[in-house]
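# Survey of secondary and tertiary structure
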Amino acid sequence: MFVGATGTAFAALLSSGCARFVGNPSGSLLASPYGPLVPDPAGLLDLPEGFSYRVISQLGSSMSDGGTVPDRADGMGCFDLGDGSIALVRNHELKVDHAASGKLSEGFDRNDSGEILPGGTTNLILDAKTLKVKGEFRTLAGTIRNCAGGVTPWGTWLTCEEDVTRAGDGVERDHGWVFEVPADANGLVDPVPLKAMGRFNHEAACVDPATGVVYMTEDRDDSLLYRFIPEVPGELRRGGKLQALIATSIADSRNWFRPSMAPGSWAAVSWVDIDNVESPQDDLRSRGAAMGATLFARGEGIHMGDGELYFCCTSGGVRKLGQIFRLSLDEKGEQLQLFFESSDPTQFHYGDNLTVAPNGHLIVCEDQSGDVSTNHLRGITPAGDAYPLGWLKAETELAGACWSPDGTTLFVNAYSPTTTLAITGPWLN
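This one's a predicted model, so the numbers in the text were calculated from it and none came from an experiment.

What follows concerns the packing of aromatic side chains. Per the counting criterion, the structure on display carries 14 aromatic pairs. Geometrically, the ring pair formed by F51 and W427 is edge-to-face, given 4.9 Å between the ring centres and 75° between the ring planes. Within this pair, whereas F51 is found in the loop between β4 (45-48) and β5 (52-58), its partner W427 is found in the segment after β28 (419-424), the two being separated by 376 residues in sequence. Residue classification places W427 among the buried residues on the basis of a relative accessible area of 3%. Taken together, the ring pairs in this structure connect Y34, F51, Y387, W403 and W427 into an aromatic cluster. Over the face of the ring belonging to W256 we find K320, whose NZ or CZ atom lies 4.8 Å from the ring centre. The ring of W391 is capped by K393, whose NZ or CZ atom sits 4.4 Å from the centre of that ring.

The structure is reproduced here in structure tokens:
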């Protein structure tokens, strides 16, 4: 059965007349086009007037496979199952010693006590019209810190381990891989690590539907941007080539030590092949940098568009508040733009997962941490102006923003305790 991935709807949105992003060299804070945020009586998520949310899943609730909803909900993708149902595939960023929320019968790896590791994914099956939950169950287990990932055009979710624990360090197998989970899975899937896609501190992934090439971010202070060119598009298990991005004359895009890339500026792009991709020493980024690959500050959320993609660098910029880059995939020559760099924490602070709204605005989940966190859903206009779209009142991060197939509902997670929300409102305004 064909399963449509709605997370790649950026292409359709742009080709339907939404403006292309041009970038704002200075970046600014804009009053929300939806109006001011209204305090939530429940104290969870403030939204503009006319918007509302409903909780569709939360930590500890019973699932249809006998387990309960696990904690630490992170990256997520939405898919049209073609039968009046949609599927959310949701990551759970659980470490070796975290609770599994139910007995796991199989999985990729075990701890020293022989127990299957708790990290992995759950699938939520929803009625496409009513959003009523029709089923909820584990689909991947035995992994560590499944942070973000990305949808594929062939109806699977790429779930990424943000962890490079080695075999013998409390576990039986090496970690740091990408796994593939079908949206139409009905239980635990065969946990096959896609080792040719590299072993590193994976964050997110997106797929160019025109070529099948997978672009991947790395959550490290000295990270690279990678791409995986598959031997056979759509069949990632068959291997391929891993490369890292070189932005011409930009060795370091972070702007930490000196401004090396101005907001709004462009640089030509090339790619360098990376070998020994299973990387037992976790040194892909240092080897890539030695060959000229450009450094990024904690690459996180990534989103594919129509011939271009966008990705967040959480702590990049002169103020270390966050950057958003745009990679144009024009066949005449790829180029990288520093589309947005925050200059004030009230403007944009530690962007993570990102997606696009039906009106063409980027929607970014903030991920601050500390004694007090003020994490927002941030909108960013095509002109590069940031505005508040939502304010999470709980002391946790927002994650996993993705859209229903019809563009009427934004799904998003409050990370811990797991709370998956469906937000509706006048998105086209």
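The rest of the description comes next.
The next thing to look at is the environment of V38. Relative to the helices and strands, V38 resides in strand β3 (residues 37-38). Given a relative accessible area of 38%, V38 falls into the partly exposed group. Not counting residues up to four positions away in its chain, the partners in contact with V38 are D46, L47, P48 and E49.

Estimated volume of the largest pocket: approximately 300 Å³. Taken together, 21 residues form the lining of the largest pocket, with D367, Q368, S369, E397 and Y415 sitting closest to its centre. Here the lining of the largest pocket is composed, by residue class, of three nonpolar, five polar and 13 charged. Taken as a whole, the second largest pocket spans an internal volume of roughly 220 Å³. Lining the second largest pocket are 15 residues, with A100, L104, E115, I116 and L117 sitting closest to its centre. Of the residues that constitute the lining of the second largest pocket, the class distribution is seven nonpolar, five polar and three charged.

The next subject is the sheet that holds β5. Pairing within the open sheet is antiparallel, and its four strands lie in the order β5-β28-β27-β26. Strands with a single pairing partner mark the edges of an open sheet, and in this sheet they are β5 and β26 (398-403). The mean inter-strand angle of the sheet, taken between neighbouring strand axes irrespective of direction, is 25°.

Taken as a whole and assessed by the stated rule, the structure comprises 17 salt bridges. The closest approach of N and O atoms between D46 and K393, which form a salt bridge, is 3.2 Å. Placement of D46 in strand β4 and of K393 in the loop between β25 (385-392) and β26 is noted, with a sequence separation of 347 residues between them. A relative accessible area of 5% means that D46 is categorised as buried. Here E136 ties to R90 by a salt bridge, and the two come within 3.0 Å at their closest N and O atoms. In this pair, E136 sits in strand β9 (residues 133-143) while R90 sits in strand β7 (residues 85-92), placing the two residues 46 residues apart along the sequence.

Of all hydrophobic cores here, the largest spans 24 residues; its most connected members are Y215, L245, L309, F311, L327 and L336. Those elements that place two or more of their residues in this core are β13 (202-207), β16 (240-247), β17 (266-273), β18 (299-304), β19 (308-313), β20 (323-328) and β21 (335-341).

In this section: the side chain of E162. Checked against the element boundaries, E162 lands in the loop between β11 (156-161) and β12 (178-182). The contacts of E162, once residues within four sequence positions are left out, are E93, I144, R145, C147, N201, H202, E203 and D219.

So, how was this worked out
Residues numbered from 1 in each chain as written. Predicted model: local features only at pLDDT ≥ 70, side-chain atom pairs only at ≥ 80, totals over all residues. Heavy atoms only, no water. Phe/Tyr/Trp six-rings, centres within 6.5 Å; stacked < 30°, edge-to-face > 60°. Helix = DSSP H or I, 4+ residues; strand = E, 2+ residues; numbered from the N terminus. Buried < 20%, exposed > 50% of the residue type's maximum accessible area, 1.4 Å probe, protein only. Lys NZ or Arg CZ within 6 Å of the ring centre and 35° of its normal. Contact = heavy atoms within 4.5 Å. 1 Å grid on protein atoms, 1.4 Å probe; cavity = no way out; pocket = protein on both sides within 12 Å on 5 of 7 lines; lining within 4 Å. Points joined across faces, edges and corners; volume = space filled by probe spheres on them. Nonpolar A, V, L, I, M, F, W, Y, C, P; charged D, E, K, R; others polar. Pairing = 2+ DSSP bridges. Axes fitted to C-alpha atoms, helices over the stretch in contact; angles between N-to-C directions. Salt bridge = Lys/Arg side-chain N within 4 Å of Asp/Glu carboxyl O. Core = buried A, V, L, I, M, F, W, Y, C linked by side-chain atoms within 4.5 Å.

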